[in-house]
Amino acid sequence: DDSKEKPIDSTGNQKDGSSYENAIVIEAKTEMEGVPKEYDYLREYGCPGKGGVQDVTMQELLNNKGSYYDLLHVKCKNGDDMEYYFLIDSFFGKI
């Protein structure tokens, strides 16, 4: 279903991952718990109206104003490219 509303992230905020300010907040205790939550989000909500996510093409670790982010570049099933910002402070560097 491509008509899903913007999801509410783990902190109760509606975010779409389009920028640092709209980053999807991932709450987890470790990287092994947190990273799969990013991919779960993309499977559920990625590429709305574009057939969903076909593939993650690149993942970058970014630091902005003292917070850590994963930026995931995805290819949508309709051929479009999109990017999603995830705020990962809760689990970054925790094994």
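The structure reproduced in this document is the subject of the present report. (Residues numbered from 1 in each chain as written. Predicted model: local features only at pLDDT ≥ 70, side-chain atom pairs only at ≥ 80, totals over all residues. Heavy atoms only, no water.)

For residues that are not glycine, phi is negative in most cases, and the peptide bond is trans in most cases. In this structure, Cys47 is a non-glycine residue whose phi angle is positive, near 55°. Take Cys47: it is sitting in the loop between helix 1 (31-45) and strand 2 (53-64). According to the relative accessible area criterion, Cys47 is buried, its value standing at 0%. Within the chain, Lys65 stands out as a residue other than glycine whose phi angle is a positive 55°. (Helix = DSSP H or I, 4+ residues; strand = E, 2+ residues; numbered from the N terminus. Buried < 20%, exposed > 50% of the residue type's maximum accessible area, 1.4 Å probe, protein only.)

Time to look at the pairing of strand 3 (residues 67-76). Counting buried residues in strand 3 gives 8 out of 10 residues, a clear majority hidden from the surface. Both strand 2 and strand 3 contribute to a ladder of 10 bridges, which runs antiparallel. By the bridge assignment for strand 3, Val56 is matched with Val74. Hairpin geometry of strand 2 and strand 3 is characterised by an intervening segment of 2 residues between the two adjacent antiparallel strands and by a positive phi of about 55° at Lys65. (Pairing = 2+ DSSP bridges.)

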